[in-house]
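Here is how the chains run, residue by residue.
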Amino acid sequence: LVASSHVQPPARRQVQSFGRHASMSPAPAKGMTRRARAARAAVAAKLNEGLVAGSMAPVELQETCQMNSILYCIAAVAATCATWGTGGLAQRLVTVSWRVPLQVLRLSAFLGRLFIYIVFLLGPLLSIFLYWGCTGRNILSIRFKTGGGLRHTCDLYLTPASADARARGELPQPSAPVLVLIAGGAWAIGHKAYNALFSRALRKAGFLCVAVDYRYWPQVGIDGMLDDNEAAIDWVLRNCALYGGDPRRVVVVGHSSGAHIGALLLARRAAKDLDNEAKRDGAAGAAWTCADIFGFIGLGGVYHLNECFMGHLHRKGFDYVIQRLVFGATYEVQESRSPTSLVRARPEIASRLPPMLLIHCTGDKISPQAQSEAFFAALSEARAPDVHFVLQEGGGHNDPVIHSPLMSDTGIIRAIILNVWRWGAKDTTRAAEGKHAPRCCKVGNAPGCCKAWESTAELACQDRLDALPSWPRLPKVVINAARRLTPF
């Protein structure tokens, strides 16, 4: 009886009390049927007679009452199960009766705010898609996966130098840093066009931008998204030189859920690289390794699918049922899909990760700032070779890819340009500082941190910074209103 009552602690305490005090009768359980009460009363009577295991019956009576004890235990289990079934069903009905309407109201409020936000910024948002689909020049759409579907495509935003070379019929020089952009979209509604204005600004600064499109839920799960982006990175490494990109300087950039996919892909690849090295199996047929990646940049990313984040999404209207469908049904699966957990579980993989730049805005409503802080702390504790954390004061979740480009605010883009330069000029940085470059640095809450190398980087990247676009110039008051309206 004790073993069979592990689901309901109160029932377990009652059964244990029967064994200690044979003269006690079971308290009537709320919601029990008449048949269940009768069965439990019979068991209590036999317990009082000392026939059930746990009483102090003499040895000579044990063989005589063995069969009776088994039968009475089975009856007690049936009675307990009947109690659980009745009470559990009633409890579920009560829970559903208030939980479903509450979640519907929360989700309706979230979608309503999103609709108002889209209507408020309808003109600027349409301009983004017009630039991506019509007015933007030198944007090539290429399928990166043989035999893939419509989602297995990527857009290449050519640099001015590459575009001029192709216009002359020449092969461009493979000298531009390459940014592989993984779009966000809550793992369900993303698209490569979200990065159009972001890519427009960076390609003017001399970066070859590759905006990746990939399958989302419910078409595939997290593992399917990882497979698509792994294939995209493989294609970029093998073919970017044909479009003026330097295959030795390929940087993975992810926004929101795209940052989660990018960081998880690199963490798993680093673990796989270590396992293959331990087996002396080389790359074991892998198309690329973490050593082929120049760096990673996370913009407002999600890095830990923990209870705090799940509860945060639940309060936004995304019920736990939907979360289990997207992130995994069990705690173990969710932890295996969390980059922060992977680094904490295997600190040795941090040494194999490429340099990282984590950028988060303090006004982010959907991806808490604590996500980047915890990932930064885990990487620091694991002694990752190069990790920087930039905290953007006052911005929102959509600032990197929508709000900042619409205002021609180049703060985030400037941080990207300077850090990519630093990754390729570490010796110059050390010489300028007179010491080794800091392994980890948090910018934003620590004024003056890491400023020594920034002056050197600004001088080296002055041409790129001057080439950044100065339009459009959407008024800041409009963007501030949009930040208040958006649910993200």
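Computed from a prediction, not measured in an experiment: that's the story for all the values here.

Participant: What is the right way to read the pattern of salt bridges from this model?
Facilitator: A side chain with one charge can pair with a side chain of the opposite charge if their charged atoms come near. Applying the stated criterion to the full structure yields 17 salt bridges. Between arginine 346 and glutamate 348 there is a salt bridge, and its shortest N-O distance comes to 3.1 Å. A salt bridge links arginine 483 to aspartate 399; the nearest nitrogen and oxygen atoms lie 2.6 Å apart. Taken together, the residues arginine 483 in helix α19 (residues 476–485) and aspartate 399 in helix α14 (residues 399–407) connect sequence positions 84 residues apart. Neither arginine 483 nor aspartate 399 differs from the other in exposure class; each is buried. Here the residues in one salt-bridge network are Lys145, Arg215 and Asp228, joined through shared partners.

Participant: I keep staring at the nonpolar core and nothing clicks. Help me out?
Facilitator: The tendency in soluble globular proteins is for nonpolar side chains to be buried as a group. Judged by nonpolar contacts, the single largest core of 118 residues is most densely connected at Trp187, Phe198, Phe296, Ile297 and Ile417. Apart from the residues within four sequence positions on either side, tryptophan 187 is in contact with Tyr216, Trp217, Ile222, Met225, Ser257, His260, Ile261, Val302, Phe309, Val326 and Phe327.

Participant: Can you walk me through the pairing of strand β2 (residues 153–157) in this structure?
Facilitator: Moving residue by residue along a regular strand, the side chains alternate between the two faces of the sheet. Counted residue by residue, β2 has five buried out of five residues, so it is predominantly covered. Burial of the side chains of β2 extends over both faces: Thr153, Asp155 and Tyr157 are buried on one face and Cys154 and Leu156 on the other. Two elements, strand β1 (residues 139–143) and β2, share five bridges in a ladder whose sense is antiparallel. Following the sheet pairing, arginine 143 is matched in β2 by threonine 153. For β2 and strand β4 (residues 208–212), the ladder comprises four bridges, and the chain directions are antiparallel. Bridging from a neighbouring strand, aspartate 155 pairs with alanine 211 of β4.

Participant: Looking at this model, I keep getting lost on the environment of serine 141. Mind explaining?
Facilitator: Inspection of the secondary structure puts serine 141 in strand β1. Sequence separation between serine 141 and aspartate 155 is 14 residues, and the spatial gap between their C-alpha atoms is 4.4 Å. Not counting residues within four places of it along the chain, the set of residues in contact with serine 141 comprises Thr153, Cys154, Asp155 and Lys192. Side-chain polar atoms of serine 141 contact the side chain of aspartate 155, separated by 3.4 Å. A polar contact of 3.4 Å, which involves the side chain of serine 141, links it to the side chain of lysine 192.

Participant: Looking at this model, I keep getting lost on the pairing of strand β6 (residues 295–299). Mind explaining?
Facilitator: Burial analysis of β6 places five of its five residues in the buried class, the great majority of the element. Neither face of β6 is left uncovered, since the one carrying Gly295, Ile297 and Leu299 and the one carrying Phe296 and Gly298 both have all their residues buried. Where strand β5 (residues 245–255) meets β6, five bridges bridge the pair, whose relative direction is parallel. Its bridge partner lying in β6, valine 252 is registered against phenylalanine 296.

Participant: What exactly am I supposed to notice about α14 here?
Facilitator: Of all the nine residues making up α14, nine are buried; the element is thus mostly covered by neighbouring parts of the structure. Burial in α14 covers these residues: Asp399, Pro400, Val401, Ile402, His403, Ser404, Pro405, Leu406 and Met407. Two residues or fewer after α14 comes serine 408, characterised by a positive phi angle close to 60 degrees.

Reading the values: rules and limits
Residues numbered from 1 in each chain as written. Predicted model: local features only at pLDDT ≥ 70, side-chain atom pairs only at ≥ 80, totals over all residues. Heavy atoms only, no water. Salt bridge = Lys/Arg side-chain N within 4 Å of Asp/Glu carboxyl O. Helix = DSSP H or I, 4+ residues; strand = E, 2+ residues; numbered from the N terminus. Buried < 20%, exposed > 50% of the residue type's maximum accessible area, 1.4 Å probe, protein only. Core = buried A, V, L, I, M, F, W, Y, C linked by side-chain atoms within 4.5 Å. Contact = heavy atoms within 4.5 Å. Pairing = 2+ DSSP bridges. Polar contact = N/O pair within 3.5 Å; in protein donor to acceptor, adjacent residues only side chain to side chain.

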